[in-house]
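# Residue-level structural notes
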Amino acid sequence: IANDIYNNNPTDVVLINIHTGGYASPQGPGTDFNTMFGSAIAAQSNLSGYPAGTVNRRVFAGLGQNGGTAMSRGNWQSASSQILNEPSYVNVAAQANLDISTRQLSVTVEAYYTGSSPINTNKLNVALMQNNVEGPQTGGSQFNAAQILPNGNYNHQHMLRHMLTGQWGDIISNISPGTTYSNSYTWNIPNQITGYPLSPVVDPVNLAVVAFVSEGQQEILSGTELYPSIIFPNSYDAYFMSVTANDVVCSNSNDLEVTFRNYGNQNLTSLDIEYSIGSGPTLTYNWTGNLAPAGTE
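Let me sum up the structure you'll find in this document. (Residues numbered from 1 in each chain as written. Predicted model: local features only at pLDDT ≥ 70, side-chain atom pairs only at ≥ 80, totals over all residues. Heavy atoms only, no water.)

### Quick word on the overall build of the protein
- The helix and strand tally for the protein stands at 4 helices and 17 strands.
- Once the C-alpha set of the protein is aligned to its principal axes, its extents read approximately 70 × 40 × 35 Å.
- When the 297 residues of the protein are sorted by exposure, 39% land in the buried category.
- Sequence separation of 24 or more characterises 61% of the internal contacts of the protein that already satisfy a separation of 6 or more.
- Accessible surface, the protein: about 15,800 Å² in total, of which carbon and sulfur atoms supply 47%.
- The centroid of the 7 positive side-chain charges in the protein is displaced by 12 Å from the centroid of its 19 negative side-chain charges. (Helix = DSSP H or I, 4+ residues; strand = E, 2+ residues; numbered from the N terminus. Buried < 20%, exposed > 50% of the residue type's maximum accessible area, 1.4 Å probe, protein only. Contact = heavy atoms within 4.5 Å. Areas by Shrake-Rupley, 256 points an atom, 1.4 Å probe, with all protein chains shown as cover. Lys, Arg positive; Asp, Glu negative; His and termini not counted. Charge placed at Lys NZ, Arg CZ, Asp CG, Glu CD.)

In structure tokens, the structure reads:
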């Protein structure tokens with residue numbers, strides 16, 4: 001349902017998918033999609049069941065669960081239609097760069113006030129989403145079959161991974177009409193979310209930045225989404241991502257699968273992969289191909 005709302009309004013809608021609560025319990029390595037921010041966001045929404053969603057963290061009369069901002073999925077379209085017809089007194093713009101070799105993300109955000117606010121301060125929030133995260137999803141094949149991968153897993157999108165501005169954002173003090181607020185942030189992207197050893201790898205190539213301004217920690221006024229410009233400082237650079245092996249017992253052969261990404265700014269056409277099994281000798285697999293920057297094989 002959220003995807004349909006986005007597809008019908010691609011320049012006006014941003015999706016943030018938050019995994020928290022009992023249904024977000026990890027099912028093994030790489031399946032913990034929780035963050036340190038999810039439970040507090042869920043609690044302030046006053047939700048009573050999953051899946052629940054908020055639209056701009058607003059309370060819609062007669063649509064919310066327990067009188068809060070959380071709504072059951074049948075009410076998302078109605079609430080979105082109301083919001084899309086309203087003006088906002090602040091415009092939000094952002095730009096971001098990502099150094100692929102150091103995994104450092106740099107984000108600059110500007111908020112320009114075109115009108116008056118009913119309160120004295122606003123807050124700027126900068127969130128990081130990750131797309132194309134493979135994992136389990138109950139009911140995925142029934143309710144969103146387009147996201148099912150050939151192996152039967154679900155391809156998660158718009159997954160909240162981090163908040164550069166903390167749980168509820170940075171305070172914007174001067175919000176009078178005609179003023180501009182600007183701030184910059186950096187984050188050294190870890191391999192996994194700190195404190196969640198079962199979380200999936202944080203893939204920098206599949207990150208999106210979402211910046212939005214809110215009244216306190218509730219009503220969201222406006223926002224924007226962008227994909228960082230990726231900087232490839234080296235001509236040739238291959239990044240090892242993972243290796244898997246079939247669980248074969250009492251066999252003389254096995255299949256090994258190595259995944260790597262081109263971190264260079266030139267097409268990668270050859271690569272030597274050295275490997276050993278147990279105490280066996282070091283062997284070399286000579287890969288050849290034509291892999292574009294940021295591509296995986």
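### Description of the nonpolar core
- Of all hydrophobic cores here, the largest spans 28 residues; its most connected members are Leu105, Val107, Tyr113, Leu124, Val126, Val209 and Val213.
- At the level of elements, strand E3 (90–99), strand E4 (104–113), strand E5 (122–130), strand E10 (180–188), strand E11 (207–214) and strand E12 (220–226) are the ones that each hand at least two residues to this core.
- Ranked by residues supplied to this core, first place goes to E4 with 5 residues.
- When neighbours within four sequence positions are excluded, leucine 124 is seen to be in contact with Val109, Thr165, Gly169, Asp170, Ile172, Tyr181, Tyr185, Phe212 and Val213. (Core = buried A, V, L, I, M, F, W, Y, C linked by side-chain atoms within 4.5 Å.)

### Details of the pairing of strand E8 (residues 159–163)
- Within E8, 5 of the 5 residues are buried, which leaves it mostly tucked inside the rest of the structure.
- Sheet topology note: the E5/E8 ladder contains 4 bridges and is antiparallel. Along E8, the bridge assignment pairs methionine 129 with leucine 160. (Pairing = 2+ DSSP bridges.)

### Regarding unusual backbone geometry
- Cis geometry marks the peptide bond from tyrosine 50 to proline 51, where omega comes out at -5 degrees.
- Of note in this structure, asparagine 46 is not a glycine but carries a positive phi near 65 degrees.
- Classification of asparagine 46 as partly exposed rests on a relative accessible area of 35%.
- Here the phi dihedral of arginine 57 falls at roughly 55 degrees; this positive angle occurs in a residue that is not glycine.
- As for its placement among the helices and strands, arginine 57 is situated in the loop between strand E1 (52–53) and strand E2 (71–72).

### So, the packing of aromatic side chains
- Following the criterion strictly, the structure yields 4 aromatic pairs and no others.
- Between tyrosine 23 and tyrosine 50, the aromatic rings sit 6.1 Å apart at their centres with planes inclined by 75 degrees, giving edge-to-face as the arrangement. Remark: tyrosine 50 occurs in the loop between helix H2 (38–45) and E1 and tyrosine 23 occurs in the loop between helix H1 (2–8) and H2; sequence separation between them is 27 residues.
- Assessed through its relative accessible area of 74%, tyrosine 23 is described here as exposed. (Phe/Tyr/Trp six-rings, centres within 6.5 Å; stacked < 30°, edge-to-face > 60°.)

### Describing the sheet that holds E4
- Strand order in the open sheet formed by 4 strands is E10-E4-E3-E13, with mixed pairing between adjacent strands. Lying at the two open borders of the sheet, with one neighbouring strand each, are E10 and strand E13 (229–231). Geometrically, the sheet is characterised by an average inter-axis angle of 15 degrees between neighbouring strands, direction not taken into account. (Axes fitted to C-alpha atoms, helices over the stretch in contact; angles between N-to-C directions.)

### Here's the deal with the side chain of serine 214
- Secondary-structure assignment places serine 214 in strand E11.
- A relative accessible area of 0% means that serine 214 is categorised as buried.
- Polar side-chain contacts of serine 214 include one of 2.6 Å to the backbone oxygen of glycine 216.
- With residues up to four places along the chain from it excluded, the contact list for serine 214 reads Asn122, Lys123, Asn125, Glu219, Ile220 and Leu221. (Polar contact = N/O pair within 3.5 Å; in protein donor to acceptor, adjacent residues only side chain to side chain.)

### Re a nonpolar patch on the surface
- Taken together, the side chains of Leu256, Tyr275, Ile277, Leu283 and Tyr285 make up a nonpolar region of the molecular surface, amounting to roughly 490 Å² of accessible area.
- Checked against the element boundaries, tyrosine 285 lands in strand E17 (residues 283–291). (Patch = residues over 30% accessible without salt bridge, like charges linked within 9 Å, V, L, I, M, F, W, Y side chains within 5 Å. Salt bridge = Lys/Arg side-chain N within 4 Å of Asp/Glu carboxyl O.)

### Let's talk about H2
- Buried residues of H2: Gly38, Ile41, Ala42, Gln44 and Ser45, and no others. Around the axis of H2, the buried residues are gathered within 165 degrees of arc, so they sit on the same side.
- Once H2 ends, the next one or two residues include asparagine 46, with phi positive near 65 degrees. (Arc of directions from axis to C-beta.)

### What to know about the pattern of salt bridges
- Considering all chains together, one arrives at 3 salt bridges under this definition.
- Ionic pairing is found between glutamate 86 and arginine 58, a salt bridge with its closest N-O pair at 2.8 Å. Separated by 28 residues along the polypeptide, glutamate 86 in the loop between helix H3 (76–84) and E3 and arginine 58 in the loop between E1 and E2 bring together distant segments of the chain.
- A salt bridge links arginine 261 to aspartate 203, with the nearest nitrogen and oxygen atoms 2.4 Å apart. Placement of the pair is arginine 261 in strand E15 (residues 256–262) and aspartate 203 in the loop between E10 and E11, with a sequence separation of 58 residues. Neither residue differs from the other here; arginine 261 and aspartate 203 are each classed as buried.
- Beyond isolated ion pairs, a larger network of salt bridges with shared partners links Arg58, Glu86 and Glu219.

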